[in-house]
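Structural features, examined
Listed below, chain by chain, are the residues.
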Amino acid sequence: MSAQELLGLLDRVVGRARAGEGVEAFGLDQTETTVKAHGGEVESLSSARRRGIGIRVVRDQRVGYCFTVDLTDEALDAALDEARDNATVGSPDEGNVMPAPQPVADLDPAQLFDARVDDVTPQQKVDAAIALEDAARVGADVTGTDTAQYGDSVRTAAIASSTGVRSSYVRSDAFVLVEALAGRNGSTTSAYGLSIGRSLAELDIEGAAAEAVSRATRLLGGTSPSSARVPVVFDPFVTASFLGLVAGGLTAEAVQRGRSLFAGKVGEQLAPEGVDLIDDGTLADGPAAAPWDGEGTPTQRTGLLDDGVLQGYLHNVASATRDHTTSTGNASRASYSAPPGLSPTNFYVRPGMTPPSELIAGVDLGFYCQQVMGLHSGANPISGDFSVGAAGVMIRGGEFAEAVREATIAGSIPQMLAQIVTVGSDLRFLPFGGAMGGTTLLVDGMTLAGGASADG
Amino acid sequence: MTPPVLDDADLHTILATALSGGGQFAELYVEQRRSRSVSVDDGRVEDLVTGLDRGGGVRVIADGRTAYAFTNLLTGDALVEAARIAAAGVSGSHTARVADLRTVEPPYTHPAAKNPSGLDGSGMADVVRRIDASARDVDGAVRQVGATYGDITQDVLLVNSEGHRHNERRVRTRLTARVVASRDDVVQTGIEAPGAAAGLELLDRHPPEDVGRRAAERAVLMLDSRPAPAGEMTVVLAPGSGGVLFHEACGHGMEADIVAKGASVYRGRQGEQIGSELISGVDDATVANAWGSYGFDDEGTPAQRTVLFDRGVCTDYLTDRLRADELGLPRSGNARRQSYAHLPIPRMTNTYILPGDDDPDEIARSVQRGLFCEQLGGGQVDPASGDFVFGVAVGWLIEDGQLTYPVRGANLVGDGPSILARIEAVGTDFEVREGICGKDGQGVPAGLGNPTVRIGRITVGGTAA
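Residues numbered from 1 in each chain as written. Chains lettered and ligands numbered in written order. Predicted model: local features only at pLDDT ≥ 70, side-chain atom pairs only at ≥ 80, totals over all residues. Heavy atoms only, no water.

**Considering the overall build of chain B**
Secondary structure summary: chain B contains 10 helices and 24 strands in total. Here the C-alpha radius of gyration of chain B, 24 Å, is about what a compact globule of 465 residues would show, namely 23 Å. Oriented by its inertia axes, the alpha-carbon framework of chain B measures out at about 70 × 55 × 35 Å. Looking at chain B as a whole, 64% of its 465 residues qualify as buried. A sequence separation of at least 24 residues applies to 74% of the contacts in chain B between residues at least 6 apart. Total accessible area on chain B is roughly 15,900 Å²; 46% of this is exposed by carbon and sulfur atoms. (Helix = DSSP H or I, 4+ residues; strand = E, 2+ residues; numbered from the N terminus. Rg over C-alpha atoms; globule rule 2.2 N^0.38 Å. Buried < 20%, exposed > 50% of the residue type's maximum accessible area, 1.4 Å probe, protein only. Contact = heavy atoms within 4.5 Å. Areas by Shrake-Rupley, 256 points an atom, 1.4 Å probe, with all protein chains shown as cover.)

**Examining the overall build of chain A**
When helices and strands are tallied, chain A shows 10 helices and 20 strands. Taking 2.2 N^0.38 as the reference for a compact globule, 456 residues should give roughly 23 Å; the C-alpha atoms of chain A span a radius of gyration of 24 Å, in line with that estimate. Projected onto its principal axes, the C-alpha coordinates of chain A cover approximately 70 × 55 × 40 Å. Within chain A, the fraction of its 456 residues that count as buried is 60%. Within chain A, contacts between residues at least 6 apart in sequence are counted, and of these 71% link residues at least 24 apart. Of the roughly 16,300 Å² that chain A leaves accessible, carbon and sulfur atoms contribute 49%. Across chain A, the 32 positively charged side chains and the 57 negatively charged ones have centroids separated by 5 Å. (Lys, Arg positive; Asp, Glu negative; His and termini not counted. Charge placed at Lys NZ, Arg CZ, Asp CG, Glu CD.)

**Considerations on the sheet that holds strand S12 (residues 305-310) of chain B**
Residues and elements named next belong to chain B. With respect to topology, 6 strands assemble into an open sheet ordered S13-S12-S11-S16-S23-S22, the strand pairing being mixed. Sheet topology places strand S13 (313-314) and strand S22 (431-439) at the edges, where each strand pairs with a single neighbour. Here strand S11 (residues 281-284) runs beside strand S16 (residues 350-353); their pairing, made up of 3 bridges, is antiparallel. Along S16, the bridge assignment pairs glycine 281 with isoleucine 353. Along the sheet, helix H6 (residues 243-251) makes contact with S11, S12, S16, S22 and strand S23 (442-450), crossing S23 at roughly 125°. (Pairing = 2+ DSSP bridges. Axes fitted to C-alpha atoms, helices over the stretch in contact; angles between N-to-C directions.)

**Quick notes on the interface of chain B and chain A**
The interface is formed by 67 residues belonging to chain B together with 56 residues belonging to chain A. With its nearest N and O atoms 2.8 Å apart, the salt bridge here joins Arg257(A) to Asp41(B). Linking chain B with chain A are 26 residue pairs in polar contact (both at pLDDT 80 or more). For the side of chain B that touches chain A, the element with the most residues is strand S2 (residues 44-62) of chain B, which contributes 11 residues. Its residues assigned to classes, the side of chain B that touches chain A comprises 22 nonpolar, 28 polar and 17 charged. Both strand S3 (residues 62-68) of chain A and S2(B) contribute to a ladder of 5 bridges, which runs parallel. Directly across from Tyr65(A), in S2(B), lies its bridge partner Val49(B). (Salt bridge = Lys/Arg side-chain N within 4 Å of Asp/Glu carboxyl O. Polar contact = N/O pair within 3.5 Å; in protein donor to acceptor, adjacent residues only side chain to side chain. Nonpolar A, V, L, I, M, F, W, Y, C, P; charged D, E, K, R; others polar.)

Encoded structure:
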């Protein structure tokens, strides 16, 4: 369905708005392909076509929501009536207002949608997945791959409201993701590598495979370490995972509801000078790039930490209204089936000048943390305290030494931010679980614990 | 449920089209899902969201390869087009034909005694208000209450080229309460989240007041907690709390896709004594109205009870059609999919450590120094190594057989086989919990159960010096 056709359906819905109510309709039409390879063959190929519309009704500061994938006129009318009914139940909240229209962010459509994505044949997608798997089976200790997949999607999103919002965009995404397995003396390790872009032509298949292999092989022979307080070097993907926790606390909703460890800290020096945390929905290379957010507000570049000083929080219209400020374009919309939430877009730490190799070479004794497990269960999002499982490699004399597994690292987010020593020059975005971008990061003195020195 | 546009001739055409590229097996999965949820957050009732999602997917298998195409346009034409795409996705040289469809009745049914539609929007809002109020009544330290009521009515139609056809209605209802309490600088969270493959009778078994109170009591209790010590120690898992550990550390490695790929620490170990003789564990989709139960799995195999570990011996893996064929194992009825937009993969249903012979009270009393886990948080496992980590949401230090004080910031780190081997006592008691299990980007409801269990030693990650 073209963006114009989708907008036509939305126009029908918002055209039925009654006096005194705000009606917003959000439509999504998405095609996706995923190919997984195993043993040199296609393991599975999945092709999808999905579309649906979600309707939000605001009346008397109350909001109701209903979604449908049945896009007939009757079904859309029924969904609007149901959303109206649903809007009679909730509590009134001053934040329940419809956004007014604004010019959307100036993002070149060609940077969001790579027209080459339409020319990729199913066979080329299959070949990409198989080539990825082949490339990840190289090396003496490599025993195979757990997952080797190619995926792409084309997503047409549109929004219209009775307050005059009306916009659409098309975005393409493509990725390869491979998890390599390595084995030695009966123990197995695994690690992934990935590459993302707007179409197959932008992906680095060999690079993703090599990344998975070197990361998996590096962990071989790992043992539980002695407990110690050491500098920790975070792998870019691990940094990105931790940024997910940080970003959650930087949403205004978390602050307003007493769930943020950053509440009341605007203007405070939370990290050393030179450390910048940025949310930028207009960053064309970021996985979450879009001209407008989940309620039609233009996306923007928002500096959260500027030279280590907290500047403010991320807002959607509801949180901004409560705080008497303006939305930062962070209304999130994963699908048509849920009302707008509040999430980061492309959220990243601005890369520094030090190449990762140089950063590691400067560490005399430390732990290179390549994987964490249980971050979302092992962390208290309110206090920021965390204790998570970790695997990686010890750094001795500036070089990788013995591998480590069955370890934990413990600390707190405020402590971790305050103790950042060096921000690496690399920046990698994780397209999963929010579009977090991390660099190699050196953090001073964290508690690394293992079973080796402990004596029950 | 059959969409009105699909009659037997349509179904036959879709399956025949799917086989036209030389596939050996074809299947159509059609799902309609009516969902409702409402939450209360910070004293405000918000987000009454209702909706209808539906769609159909066509799967073709040829020589272990799979093609899947799905659409949420449920017309005969759209599904035939999906069948064409799937047929082109895996070519083969088979000449399979579509057998005459015969309707099969589910061996187990889990009907909702009280249809969720008996509760309208205001009734749903009232439920979450009651959770909110009861949680706030517990203690002045309660700062925030978040609660959700949700129900899903899922109607499935599955037909395949072997002639199988079944319809099944699955109703699931769940309450969740998340309470934040704070005092001075300490902030703690308590969670309670009962659910069932049932309707409004869930509210009779778990009155909203109880749900709110339990979550609040946990949060308030943890305000008095001290940082957990780190190191190896004896750990006692309270009934219900250890199910998630068994699920993650032992269950996932028994899923046949992980086994088939060589990514499981339990691969090739059927018949081997891995754990203590005290430990037996099952996966059971037949438990009446349990959160993870169903009549048929998502490719039409009847629900079953499968023994994973029998007195410590590794027994049967959890299979779907593909991996059962690949490994030469029976189909265990564990193929599950999050929705029509997902391929079925081997998943757990309700996974339980079975009760043993030990007096639950005696189990903790026997410990000189250790950790008592009343509630675990989420966890994660690397099935290849069996390594896992779990947060301990509510824990106590055990000293001289007594629970002395609650601890925070603890987590458990170890690997599945070692933990099974170090089980020293299994209680006669038993409780279950409900969760959503994530794997390959798909979340499905999973039940978790266990008696009181003592593990001889396990690495505890803590924050105390």
